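# Observations on the three-dimensional arrangement
In case you want the letters, here they are:
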Amino acid sequence: MNDVSFLPLALVALSGGAAAIAWYGYQRQELPGAGAFAVLAGLMGVWTATHAFRLSSSTFETFWIWVNLEWIGIMFAPVAWIVFSLSYAGQQQYVTRRSIAALSVVPVLVQVLVWTNPYHGLVRDGDPSGFTIGSGYPTWEVAFELPYYLAVGYSFLLVLAGAAVLLALLGTSQGLYRGRTTALLLGVFVPSLAGGWQLLYVGPIQGVDATPVAFAVSMVCFGWALFERDLFEVVPVSPLVASRTVLAEMESGVIVVDTQHRIVEYNARANEFTDRDLSRGSRLEESAEPLVEVLESDDGVDRPVVIGTASGTRHYDVEVSDIERGTHVVGRLLLLHDVTEQALREQQLDVLNRVLRHNVRHDTNLMLGHSSILREELPADQHDHLEQIEAAAENLATLSERSRLAERTMGEASANRQPIDLVPLVERTVAEFRSNRADDSISTTLPERAPVVAHESFELALEEVLSNAFEHADRPVPDVTVAIDCDRSETVLRVSDDGPGIPGHERQVLETGRETALEHTSGLGLWLVKWLVRVSGGTLDITDRSPRGTTVEIALHSAPIESVDETAEPAR
């Protein structure tokens, strides 16, 4: 076998490898980019095979046919490359039948021109007399015209565009897909450089195009990416695609504006929320004037916004964040959370609470007033029934007051947290219990100071825990202990008793946060404790003592001692 026949055989073998890679990609065409990759590898195989047959031509007629057929790979392989790059990088929105058809217009026109060139000479100027074989490969002395260079330039432009897409993926993926993406780029750059060198200078072997020969590097790179780096088994997700997906799937409305309140980006949810046709470049006040008022407020507080839509008035919580580049604010991000149902529910609960509290207070006073009249008229042996009525009325009054406190606590949330010293708070509360219950025994173990961060009404939680210990005691003189342990990060308040303990079903209700018809607590006291601890940023733990009794443990964040305002009065 001489050297002349070796290269065509090698190119045919190389085209067979390209066909195998194309078939592998075709079998996975349902994966992003796999179909375009199969077409790319197939066209590279066509280009390689036609060049092999061109080098083996013995007559000008066959040589001319294979030269023209080479243009199929020359023009359409770059189209497949950019389609693959866009699909692989997650830019499928640009890959449509219309865009592929538009990219294929020039290649189709070139096919027509090269096959009809003998009639117009627009691509190349040459005749059969310039065809020679000699001792090497067939050559044809020909002069290329401007359309030829425009066609080749178009191919290089598509290759560069596809490479730019993958380079962008390479720059943003932070190493996740760096190996395979680099292999793909290398597999395209090497033949492109060979083709550019061939275009500017005469190749090392007369009559041989360096580009299909360089496809040997492409096949090695493509094969490595396919089989060593799972090219299509793990489809890359670029940060840009991820952010767009998150933006599109968010339940909240998202609007990004520049410093002049011009809309830069938004999601479909924001369009639904504002009931306007948002558009990039338009001013925000044209679509949602209330949002501009939020942007122009300098207090930095998230606030509710009411926007009228075709479906009625909607309520939103709006969060505003600055978008910074270096030290400069270049825009603002608005997050709109639809809280219409929540606002309606809160309104309904507010009405119900006020009506119920008013009616309970009114009827309780009525019951106690009539009870006092009956007490004067009924004989002493019938006062037991009155005492039960009065006790029930007082319980209702207490329940109404606790409901008011619970509503206020829930509404204020963490806005009213402040540094307080637990020691004087405990001493004051214990002193009140001792003065009201002369036979009660309360012991304390307290440090000198115990500064914590807690809700301003936290003292109510301690009162409820102590009241619970005494109200449910089954001994004449219950043993109740209040202790405080503190360190630099956490302070723990423990209230222990020797009573019968909190029933298991009540403790389970507090832990799950849900009451049912069969599982419920006996009142609002423990709920109020739980809510006050939560809005204080602490944790609540209820455990059994041995041999009997309960320990309520409240852990709060410690605070610097100098942050405590000793002149502040506790909220009631």
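Just so it is clear, the model here is predicted, and its values are computed rather than measured.

A word on the packing of aromatic side chains. A complete count under the given rule lists 11 aromatic pairs for this structure. On the basis of an interplanar angle of 15° and a centroid distance of 3.9 Å, the ring pair of F144 and Y148 is categorised as stacked. Here F144 falls in the partly exposed class, since its relative accessible area comes to 34%. With a relative accessible area of 12%, Y148 lands in the buried category. Aromatic side chains Y148 and Y149 sit 5.1 Å apart centroid to centroid with 85° between the ring planes, which places their arrangement in the edge-to-face category. Judged by relative accessible area, Y149 falls into the partly exposed class, the value being 42%.

Looking at the element boundaries, D209 is found in the loop between helix 8 (178-200) and helix 9 (210-227). We note that D209 is buried and unpaired, the nearest opposite charge coming from R54 at a distance of 5.3 Å. Among residues more than four places away in sequence, those in contact with D209 are W47, H51, E70 and Q198.

Next up on the list: helix 5 (residues 105-115). Within helix 5, the full set of buried residues consists of P107, V110, Q111, L113 and V114. Seen along its axis, helix 5 keeps its buried residues to an arc of 170°; they face one direction. Looking at helix 5, the residues exposed on the side facing more than 90 degrees away from the buried face are V105 and L109.

So, on to the pattern of salt bridges. Considering all chains together, one arrives at 6 salt bridges under this definition. Here D421 and R449 are joined by a salt bridge, their closest N and O atoms 2.5 Å apart. Separated by 28 residues along the polypeptide, D421 in strand 10 (residues 417-421) and R449 in the loop between strand 11 (441-445) and strand 12 (451-455) bring together distant segments of the chain. Of the residues examined, D421 reaches a relative accessible area of 8% and is grouped as buried. Judged by its relative accessible area of 32%, R449 falls in the partly exposed class. Close ionic contact of E553 with R494 constitutes a salt bridge, the shortest N to O distance being 2.9 Å. Residue E553 is found in strand 16 (residues 550-557), and its partner R494 is found in strand 14 (residues 490-497); the two are separated by 59 residues along the sequence. One salt-bridge network, in which partners are shared between bridges, spans D485, R494 and E553.

On to the pairing of strand 16, then. Counted residue by residue, strand 16 has 6 buried out of 8 residues, so it is predominantly covered. Here strand 14 pairs with strand 16 via 8 bridges, running antiparallel. Bridge pairing links T491 to L556 in strand 16. Relative to strand 16, strand 15 (residues 539-544) is paired through 6 bridges, and the arrangement is antiparallel. Across the sheet, residue T543 finds its bridge partner in strand 16, namely T551.

We now examine the sheet that holds strand 14. Spatially, 11-13-14-16-15 is the arrangement adopted by the 5 strands of the open sheet, whose pairing is mixed. Edge positions in the sheet fall to strand 11 and strand 15, since each of these pairs with one other strand and no more. Here the strands of the sheet are splayed against their neighbours by 15° on average, with no regard to which way each runs. In this fold helix 15 (residues 422-436) packs onto strand 11, strand 13 (479-486), strand 14 and strand 16, with an angle of close to 170° to the strand it touches most, strand 11. In this fold helix 16 (residues 458-471) packs onto strand 11, strand 13, strand 14 and strand 16, with an angle of close to 25° to the strand it touches most, strand 14.

What follows concerns the confidence of the model for the protein chain. In the predicted model, the protein chain carries a mean pLDDT of 76, and the fraction of residues at 70 or more is 74%. Taken together, the stretch residues 513-522 has pLDDT below 50 and engages in 17 contacts with residues farther than four places along the chain or on a different chain.

Here we come to the side chain of R124. Residue position: R124 is located in strand 1 (residues 124-125). Within the buried set, R124 has no salt-bridge partner at all; the shortest N-O distance to an opposite charge, 8.2 Å, is to E70. Setting aside its immediate chain neighbours within four residues, R124 contacts W64, V67, N68, W71, V114, N117, W140, V142, A143, F144 and E145.

What follows concerns helix 3 (residues 60-88). If you check helix 3, its first and last C-alpha atoms are 42 Å apart, about what 29 residues at 1.5 Å a residue would give, namely 42 Å. Largest kink in helix 3: about 30°, centred on F76, with the proline P78 one to four residues after it. By the criterion of burial, helix 3 is predominantly enclosed, with 22 of the 29 residues buried. Taken from the residues just after helix 3, G90 is the one with a positive phi, measuring 85°.

A separate point is the environment of S129. Checked against the element boundaries, S129 lands in the loop between strand 1 and strand 2 (131-132). Overall, the relative accessible area of 63% leaves S129 in the exposed class. Between the C-alpha atom of S129 and that of W140, which follows or precedes it by 11 residues, the distance is 8.5 Å.

Of all 8 residues making up strand 14, 6 are buried, and the element is well covered by its neighbours. Where strand 13 meets strand 14, 7 bridges bridge the pair, whose relative direction is antiparallel. Residue pairing across strands places A483 opposite R494, the latter belonging to strand 14.

What follows covers the nonpolar core. Judged by nonpolar contacts, the single largest core of 52 residues is most densely connected at W71 and F222. Taken together, the elements giving at least two residues each to this core come down to helix 1 (3-26), helix 2 (34-55), helix 3, helix 5, helix 7 (146-172), helix 8 and helix 9. In terms of residues, this core owes the most to one element, helix 3, which gives 12 residues. Apart from residues no more than four positions distant in its own chain, F222 is found in contact with I21, F37, L40, M44, L184, G187 and V188. The next biggest cluster of nonpolar side chains, apart from the first, holds 34 residues, and it includes L425, V426, A469 and L532.

In this section: unusual backbone geometry. If a residue is not glycine, its phi is most likely negative; likewise, a peptide bond is most likely trans. Looking along the chain, the bond that leaves S546 and enters P547 is cis, with omega of 10°. With respect to the secondary-structure elements, P547 resides in the loop between strand 15 and strand 16.

All right, on to a nonpolar patch on the surface then. There is a patch of nonpolar side chains on the surface, built from F144, L146, Y149, L150, L199 and L200 and spanning about 620 Å² of accessible area. Of all the secondary-structure elements, those providing two or more residues to the nonpolar patch are helix 7 and helix 8. Considering every element that reaches the nonpolar patch, the biggest residue donor is helix 7, with 3 residues. Within the fold, L150 resides in helix 7. When its relative accessible area of 54% is taken as the criterion, L150 is described as exposed.

Conventions used here
- Residues numbered from 1 in each chain as written.
- Predicted model: local features only at pLDDT ≥ 70, side-chain atom pairs only at ≥ 80, totals over all residues.
- Heavy atoms only, no water.
- Phe/Tyr/Trp six-rings, centres within 6.5 Å; stacked < 30°, edge-to-face > 60°.
- Buried < 20%, exposed > 50% of the residue type's maximum accessible area, 1.4 Å probe, protein only.
- Helix = DSSP H or I, 4+ residues; strand = E, 2+ residues; numbered from the N terminus.
- Lys, Arg positive; Asp, Glu negative; His and termini not counted.
- Salt bridge = Lys/Arg side-chain N within 4 Å of Asp/Glu carboxyl O.
- Contact = heavy atoms within 4.5 Å.
- Arc of directions from axis to C-beta.
- Pairing = 2+ DSSP bridges.
- Axes fitted to C-alpha atoms, helices over the stretch in contact; angles between N-to-C directions.
- pLDDT = per-residue confidence, 0-100.
- Expected span 1.5 Å × (residues − 1).
- Bend = angle between axes of the 7 residues up to and from the residue.
- Core = buried A, V, L, I, M, F, W, Y, C linked by side-chain atoms within 4.5 Å.
- Patch = residues over 30% accessible without salt bridge, like charges linked within 9 Å, V, L, I, M, F, W, Y side chains within 5 Å.
- Areas by Shrake-Rupley, 256 points an atom, 1.4 Å probe, with all protein chains shown as cover.

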